[in-house]
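Examination of the molecular architecture
Here's the letter readout for the chains.
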Amino acid sequence: MLRILCKIPVGVASVLTLVLILWLTLAPRPVGDVDVPLFEGADKVVHAVMFGWFALTLIWDAGKYRCRKGLYPYISALGALLCASASGITGVAVEFMQRYLTQSRSFELNDIYADFIGAYAMCAFYCSWRLLRSR
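I will try to describe carefully the structure that is included in this document. The shown structure was predicted, so the numbers you read here are calculated from the model rather than taken from an experiment. (Residues numbered from 1 in each chain as written. Predicted model: local features only at pLDDT ≥ 70, side-chain atom pairs only at ≥ 80, totals over all residues. Heavy atoms only, no water.)

1. Some points on the packing of aromatic side chains
Under the defined criterion, the tally for this structure stands at five aromatic pairs. Here the aromatic rings of Y74 and W129 are separated by 5.6 Å at their centres, their planes lie at 70°, and the arrangement is edge-to-face. Within this pair, whereas Y74 is found in the loop between helix 3 (42-68) and helix 4 (77-101), its partner W129 is found in helix 5 (residues 109-133), the two being separated by 55 residues in sequence. Between the aromatic rings of F96 and F107, the centroid separation amounts to 5.0 Å while the plane-to-plane angle is 55°, which identifies the pairing as tilted. Of this pair, F96 sits in helix 4 while F107 sits in the loop between helix 4 and helix 5, and the two are 11 residues apart along the sequence. A relative accessible area of 27% means that F107 is categorised as partly exposed. Every member of this aromatic cluster is reached through a ring pair, and the members are Y74, Y126 and W129. For the cation-ring pair, R99 lies above F107, with the distance from its terminal atom to the ring centre recorded as 5.3 Å. (Phe/Tyr/Trp six-rings, centres within 6.5 Å; stacked < 30°, edge-to-face > 60°. Helix = DSSP H or I, 4+ residues; strand = E, 2+ residues; numbered from the N terminus. Buried < 20%, exposed > 50% of the residue type's maximum accessible area, 1.4 Å probe, protein only. Lys NZ or Arg CZ within 6 Å of the ring centre and 35° of its normal.)

Fair warning: the whole summary comes from geometry, so function is off the table for now.
Structure below.
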């Protein structure tokens, strides 16, 4: 499985994730007429998961880029923090796009908080995994 993932060109995972996020956050009814009963605040959990996953794909692609350049394939904690920040900033941009480019979506500050929480949680997970792996 890891061999297959490593054959994916650098940047493809991040771009595909971004396209999926844009579809899910900007389309008026991205899942059609399916009405999924969820708990209150479930959309914040979804935001955290989406942008946490986006941060992870950015970290993955940065590591693959380093590997292709003949460098150590893992990025530093600072690199992971930059990837998480880029993911969170993308979440801010998406919220402004929802405000100004769509009629069916709205700007919510709590969504931005959830985006950053998910991104930085994934950064913390990655850094913890790297620390445990180095022992």
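The structure having been displayed, the exposition proceeds.
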